[in-house]
Amino acid sequence: MERLSRDFYLLLTARAVSVIGDTAALIALIFKVKSHGSWSTAALLAGTGIAMILTSSKIGKLVDQRSLKKILIVTSAIQGMVCIALIYSDLVAVLILNIFLGIGQSIVISSTSAWTPSLVEKESLGKAFGQMQVGQSLAGLAGYGIGGVLVGKFGINSALALNAISFILLLPVLTLISKDRVGIPELNEKGKMKSGYGIVWQNFALRNIAITLTIFIFALMIFNPLEVYLTTDVLGADATVYGIINMVWAGSLAVGSILITKIMKPSWGYARPALIVCALAGIFLAAIGLSPNLYFLAGMLMLTGIVVAGFNIFIGPLIVNNSVESELGRVNATIGAVNSAGSSLGTIVGGVLGSFFSTRSVIVAAGLLAAGTLIFTGRGMLASEKKLTSQ
């Protein structure tokens, strides 16, 4: 795998440590609220997205104005304190504190996406996003495994404590990064920055990317509050097996990321592979809903993860290549917020539908909708890449 800069690998390490803690804590929080019904799981998962939506404008401007190193150090310290508070929280407090974690995640994602292009050469951008995806996938694999074992053997609070520790470990890693990114945004005649939503909507390529991602993520997230019930209640897995099943998912993301990063070629472009991912992921998701046993479920999750792994690898460079560098914070925050809107709405819809219809039927319908994403935005995505090529 191509070697990139030292600073990039430090940033990748910081992101990986964060993901390990977050995934372990996610399993803990799901089991902490699970007994209250599917609505509580949906509220937990939707809370992160809602936080991203409500704060995206200010976060985007913050990322494009300030030192990203300082932003991430302060954010990590605050997230660590929130995780400690979660240990002593009831259902209502968990749902409220989870919103603060969502804000922190939004800051981290926007900052990482804006910082990465400045740490690598432009021709290595695809490889950088690929390696970032590999690192996050391996971290997710470790986080799900650790989280499942901790919750199953030592209780929910042990996984939350791990998340708090992971945020503390981020501080020295971030301090070691030598090349900071300090935004110098362009201001209009009134001395104000452009809004992220305005930037994305007025840019043909970015608009189509945002719409494609939102529809696709909406469909996938319908599955999100239901997968724990499919795995545990329908197919009979306990907390440890549930963690292992999620390890399969995370592991497939890692395998897919490694394979795609190694074999990807400039001639592929970015839009067409992303659309292929949409179709295949939807088909596999529909098959997941029909899983007769845990082995079949694990196999379908593996195939889905392998194709979904290409999403960040192909979409990330497409966003960067169609953006102005000084606007990347706002662009990433805005697209993240729009995606979170689709994610939150999908999660809520999944939770509601899961209360009225069978878990299997809702998951199958979500898969078919995901596969149909390219029907709505396929032409726009391909046209945006052609426009980029011609410039």
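Residues numbered from 1 in each chain as written. Predicted model: local features only at pLDDT ≥ 70, side-chain atom pairs only at ≥ 80, totals over all residues. Heavy atoms only, no water.

1. Re the overall build of the protein
Consideration 1: Counting its regular elements, the protein contains 16 helices and zero strands.
Consideration 2: At 20 Å, the protein has a C-alpha radius of gyration in line with the 21 Å of a compact globule built from 391 residues.
Consideration 3: Counting only residues that meet the buried cut, the protein has 59% of its 391 residues in that class.
Consideration 4: Considering only residue pairs separated by 6 or more positions, the protein has 88% of its internal contacts joining residues 24 or more positions apart.
Consideration 5: Of the side-chain charges in the protein, 27 are positive and 16 negative, and the distance between the mean point of each set is 3 Å. (Helix = DSSP H or I, 4+ residues; strand = E, 2+ residues; numbered from the N terminus. Rg over C-alpha atoms; globule rule 2.2 N^0.38 Å. Buried < 20%, exposed > 50% of the residue type's maximum accessible area, 1.4 Å probe, protein only. Contact = heavy atoms within 4.5 Å. Lys, Arg positive; Asp, Glu negative; His and termini not counted. Charge placed at Lys NZ, Arg CZ, Asp CG, Glu CD.)

2. A look at the confidence of the model for the protein
Consideration 1: Looking at the protein, the pLDDT average stands at 83 and 95% of residues meet or exceed 70.
Consideration 2: The spread of mean pLDDT over the elements of the protein runs between helix α16 (residues 373-390), the lowest at 67, and helix α3 (residues 68-87), the highest at 90. (pLDDT = per-residue confidence, 0-100.)

3. Details of the layout of surface pockets
Consideration 1: Volume-wise, the second largest pocket comes out at about 160 Å³.
Consideration 2: Lining of the second largest pocket is provided by Pro117, Val120, Glu121, Lys122, Leu125, Val320, Asn321, Ser323, Val324, Glu325 and Leu328. (1 Å grid on protein atoms, 1.4 Å probe; cavity = no way out; pocket = protein on both sides within 12 Å on 5 of 7 lines; lining within 4 Å. Points joined across faces, edges and corners; volume = space filled by probe spheres on them.)

4. Examining the environment of valine 82
Consideration 1: With respect to the helices, strands and loops of the structure, valine 82 is situated in helix α3.
Consideration 2: In this structure, the C-alpha to C-alpha distance between valine 82 and histidine 36, residues 46 residues apart in sequence, is 22 Å.
Consideration 3: In contact with valine 82, other than residues within four places in its own chain, are Leu97, Phe100 and Leu101.

5. Let's talk about the environment of phenylalanine 129
Consideration 1: If you trace the backbone, phenylalanine 129 turns up in helix α5 (residues 125-154).
Consideration 2: A residue is classified by how much of its surface remains accessible, and phenylalanine 129, at 10% relative accessible area, is buried.
Consideration 3: For phenylalanine 129 and phenylalanine 314, which are 185 residues apart along the polypeptide, the C-alpha to C-alpha distance reads 8.2 Å.
Consideration 4: Those residues in contact with phenylalanine 129 that lie beyond four places of it in its chain are Asn312, Ile313, Gly316, Pro317 and Val320.

6. Things to note about the pattern of salt bridges
Consideration 1: Summed over all chains, the structure comprises five salt bridges.
Consideration 2: Across the pair arginine 181 and glutamate 325 runs a salt bridge, and its minimum N-O distance is 2.9 Å. Within this pair, whereas arginine 181 is found in the loop between α6 (156-175) and α7 (196-202), its partner glutamate 325 is found in the loop between α13 (310-321) and α14 (328-356), the two being separated by 144 residues in sequence.
Consideration 3: Residue glutamate 325 is classed as partly exposed on the basis of its relative accessible area, which comes to 42%.
Consideration 4: What emerges from the salt-bridge pattern is a single network uniting Asp64, Arg181, Glu325 and Arg330. (Salt bridge = Lys/Arg side-chain N within 4 Å of Asp/Glu carboxyl O.)

7. A closer look at a nonpolar patch on the surface
Consideration 1: Residues Ile348, Val352, Phe356 and Phe357 make up a contiguous nonpolar surface patch of roughly 440 Å² in combined accessible area.
Consideration 2: Counting through the fold element by element, phenylalanine 356 comes out in helix α14. (Patch = residues over 30% accessible without salt bridge, like charges linked within 9 Å, V, L, I, M, F, W, Y side chains within 5 Å. Areas by Shrake-Rupley, 256 points an atom, 1.4 Å probe, with all protein chains shown as cover.)

8. Brief notes about the nonpolar core
One broad trend across soluble globular proteins is that nonpolar side chains are buried collectively.
Consideration 1: With 55 residues, the main nonpolar core has Phe8, Leu11, Leu44, Leu86, Trp115 and Leu160 as its most contacted residues.
Consideration 2: Put simply, the parts of the chain that give this core at least two residues each are α1 (6-33), α2 (38-65), α3, α4 (91-119), α5, α6, α9 (227-234) and α10 (239-263).
Consideration 3: Broken down by element, the residue count for this core peaks at twelve residues, all from α1.
Consideration 4: Sequence-distant contacts of leucine 86, defined by excluding residues within four places in its chain, comprise Leu29, Lys32, Val94, Leu97, Leu101 and Leu160.
Consideration 5: If you look at the next biggest cluster of nonpolar residues, it comprises 50 residues, including Val200, Val277, Ala281 and Phe311. (Core = buried A, V, L, I, M, F, W, Y, C linked by side-chain atoms within 4.5 Å.)

9. Some thoughts on the side chain of glutamate 227
Consideration 1: Within the secondary structure, glutamate 227 is located in helix α9.
Consideration 2: The class of glutamate 227 is buried, set by a relative accessible area of 11%.
Consideration 3: Among all residues touching glutamate 227, those that are not within four sequence positions of it are Tyr242 and Asn246.

10. Examining the packing of aromatic side chains
Consideration 1: Taken as a whole and judged by the stated rule, the model has two aromatic pairs.
Consideration 2: Centroid distance phenylalanine 8 to tyrosine 9: 5.3 Å. Interplanar angle 70°. Geometry classified as edge-to-face.
Consideration 3: Looking at tyrosine 9, the relative accessible area reads 17%, which means it is buried.
Consideration 4: A ring pair is formed by phenylalanine 31 and tyrosine 242, whose centres lie 5.6 Å apart and whose planes are at 70°; its orientation type is edge-to-face. (Phe/Tyr/Trp six-rings, centres within 6.5 Å; stacked < 30°, edge-to-face > 60°.)

11. Things to note about the packing of helix α11 (residues 271-289) against helix α15 (residues 359-371)
Consideration 1: The N-to-C vectors of α11 and α15 enclose an angle of 170°; their axes lie 7 Å apart at closest approach. Relative to α15, α11 is oriented roughly antiparallel. From α11, Cys278, Ala279, Gly282, Ile283, Leu285, Ala286, Ile288 and Gly289 reach across to α15, where they touch Arg360, Ile363, Val364, Ala366, Gly367, Leu368, Ala370 and Ala371. (Axes fitted to C-alpha atoms, helices over the stretch in contact; angles between N-to-C directions. Parallel < 35°, antiparallel > 145°, perpendicular 65-115°, else oblique.)

12. Description of the packing of α5 against α6
Consideration 1: Direction vectors running N to C along α5 and α6 enclose 140°, while the axes themselves pass 6 Å from each other. The angle between the axes of α5 and α6 places the two elements in the oblique class. Along the contact surface, α5 presents Ile146, Leu150, Val151 and Phe154, while α6 presents Ile156, Ser158, Ala159 and Leu162.
Consideration 2: Here the residues of the contact of α5 with α6 are counted per class, giving seven nonpolar, one polar and no charged. (Nonpolar A, V, L, I, M, F, W, Y, C, P; charged D, E, K, R; others polar.)

13. A short note on empty space enclosed by the protein
Consideration 1: Summed over all chains, the structure comprises three cavities of 30 Å³ or more.
Consideration 2: By volume, the second largest cavity amounts to about 70 Å³.
Consideration 3: Residue lining of the second largest cavity: Leu11, Ala14, Arg15, Ser18, Leu72, Ser76, Val108, Thr112, Leu170 and Leu174, and that is the complete set.
Consideration 4: Where the lining of the second largest cavity is concerned, the elements lending two or more residues are α1, α3, α4 and α6.
Consideration 5: Ranked by residues supplied to the lining of the second largest cavity, first place goes to α1 with four residues.

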